[in-house]
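Okay, here's what each chain looks like letter by letter:
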Amino acid sequence: MPRGTSEHLKFYELCCLFCCPPCPTHIAAKLAFVPPERTYALMESDDSKSNYSLYLNRSSESQITKEELKLIEVFYTRTSKGNQIACMFVKCSPLAKYTILFSHGNAVDLGHMSSFYVGLGSRINCNIFSYDYSGYGESEGKPSEKNLYADVDAAWHALQTRFGVRPENIILYGQSIGTVPTIDLASKYEVGGVILHSPLTSGMRVAFPNTKRTWFFDSFPSIEKVPKVTSPVLVIHGTNDEIIDFSHGQAIYERCPRAVEPLWVEGAGHNDIELYGQYVERLCKFINEELVT
């Protein structure tokens, strides 16, 4: 996301920067959405046109093996906005108590994330369900803030209806831009837990760091929604994040009614938190100890 430098922008300058008149969907598109070149395909695997197989191309840079590929089920579901979106279920453990509904970051799709999901799920003993936003990967439509919320809602219902996973056994995980739909969903439903990885408070606050209030034309106003999240929340943020400043994670943490001890990764940036040993350790503690009732 681009960063701004001026604290007191005039109204016409905002119009010139974003659109005229200011429109949240236009701001969101300029700030956040960079769909990558598609790295995978869903191929029909029988005559019923209801079963699909995952094919990864070289650009996915996936290290997944043929045996691990068997753990992955892929399919389409349709959103309330009419877009058909691609979904992926990774069955890492037959005895897993929790399934993570993972909303990934920007500039990646399910092909990029597939090997990471297999590895992460195996290490924390959770199954992982994910989806591509409208306009990403094999998903139809165009990226927008409204579609983002419709996408996660469709994924939420597909996880329950297709796989029978109950809300109390679902952990919502959002990374970067993925924290936006995650917080929106968590503000509406009680779930087993919520993980917010490098969250942003709002679009304007990322673009213009000195923004102190939520304007009517602001996009992704997660800071206004997070107080409504009633599930346990783990916030993770790198102290040297060059994309979404560390202060965003702190602000989100402070407004979570049921926040557990956060993970502030000293020296970590926006895209390397997973490389630090305390990352998996903290996830395991959250899942195995802090969510146990």
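Description of the structure in this document. Remember, it's a predicted structure, so these values are computed and weren't measured experimentally.

## Notes on the overall build of the protein chain
Line of reasoning, step 1. Secondary structure assignment for the protein chain yields 10 helices and 10 strands.
Line of reasoning, step 2. For the protein chain, with 293 residues in total, the buried portion stands at 54%.
Line of reasoning, step 3. In the protein chain, 68% of the contacts between residues at least 6 apart in sequence involve partners at least 24 apart.
Line of reasoning, step 4. Carbon and sulfur atoms make up 50% of the accessible area of the protein chain, which amounts to about 13300 Å² in all.

## With respect to the packing of aromatic side chains
Line of reasoning, step 1. Considering all chains together, one arrives at 16 aromatic pairs under this definition.
Line of reasoning, step 2. For the pair Y52 and Y76, a centre-to-centre distance of 5.1 Å together with 90 degrees between the ring planes defines the contact as edge-to-face. With Y52 in strand β2 (residues 52–56) and Y76 in strand β3 (residues 72–78), this pair connects stretches of sequence that are 24 residues apart.
Line of reasoning, step 3. By relative accessible area, which is 18% here, Y76 ends up buried.
Line of reasoning, step 4. Here the aromatic rings of F75 and F163 are separated by 5.9 Å at their centres, their planes lie at 55 degrees, and the arrangement is tilted. Of this pair, F75 sits in strand β3 while F163 is found in helix α5 (residues 145–163), placing the two residues 88 residues apart along the sequence.
Line of reasoning, step 5. For F75, a relative accessible area of 2% puts it in the buried group.
Line of reasoning, step 6. Relative accessible area serves as the criterion here: at 23%, F163 is assigned to the partly exposed category.
Line of reasoning, step 7. An aromatic cluster of at least three residues, connected via ring pairs, comprises F75, F89, F129 and F163.

## Notes on the packing of α5 against helix α6 (residues 179–186)
Line of reasoning, step 1. Two elements in contact, α5 and α6, have axes separated by 9 Å at closest approach and are oriented at 60 degrees. For the pair α5 and α6, the crossing hand works out as right-handed. Contact residues: α5 offers L148, Y149, V152, D153 and W156, while α6 offers V180, P181, D184 and L185.
Line of reasoning, step 2. For the contact of α5 with α6, the class distribution of residues is 7 nonpolar, no polar and 2 charged.

## Considerations on helix α4 (residues 110–124)
Line of reasoning, step 1. For α4, which comprises 15 residues, the first-to-last C-alpha distance of 20 Å matches the rise-based estimate of 21 Å (1.5 Å per residue) to within 8%.
Line of reasoning, step 2. The largest bend in α4 comes to about 30 degrees, at F116.
Line of reasoning, step 3. For α4, the full list of buried residues reads L110, G111, M113, S114, Y117, V118, L120, G121 and I124.
Line of reasoning, step 4. Capping the start of α4, D109 holds a side-chain oxygen 3.0 Å from the backbone nitrogen of G111, two or three residues further along.

Rules used in this analysis
- Residues numbered from 1 in each chain as written.
- Predicted model: local features only at pLDDT ≥ 70, side-chain atom pairs only at ≥ 80, totals over all residues.
- Heavy atoms only, no water.
- Helix = DSSP H or I, 4+ residues; strand = E, 2+ residues; numbered from the N terminus.
- Buried < 20%, exposed > 50% of the residue type's maximum accessible area, 1.4 Å probe, protein only.
- Contact = heavy atoms within 4.5 Å.
- Areas by Shrake-Rupley, 256 points an atom, 1.4 Å probe, with all protein chains shown as cover.
- Phe/Tyr/Trp six-rings, centres within 6.5 Å; stacked < 30°, edge-to-face > 60°.
- Axes fitted to C-alpha atoms, helices over the stretch in contact; angles between N-to-C directions.
- Left-handed = near helix turned anticlockwise from the far one by under 90°.
- Nonpolar A, V, L, I, M, F, W, Y, C, P; charged D, E, K, R; others polar.
- Expected span 1.5 Å × (residues − 1).
- Bend = angle between axes of the 7 residues up to and from the residue.
- Polar contact = N/O pair within 3.5 Å; in protein donor to acceptor, adjacent residues only side chain to side chain.

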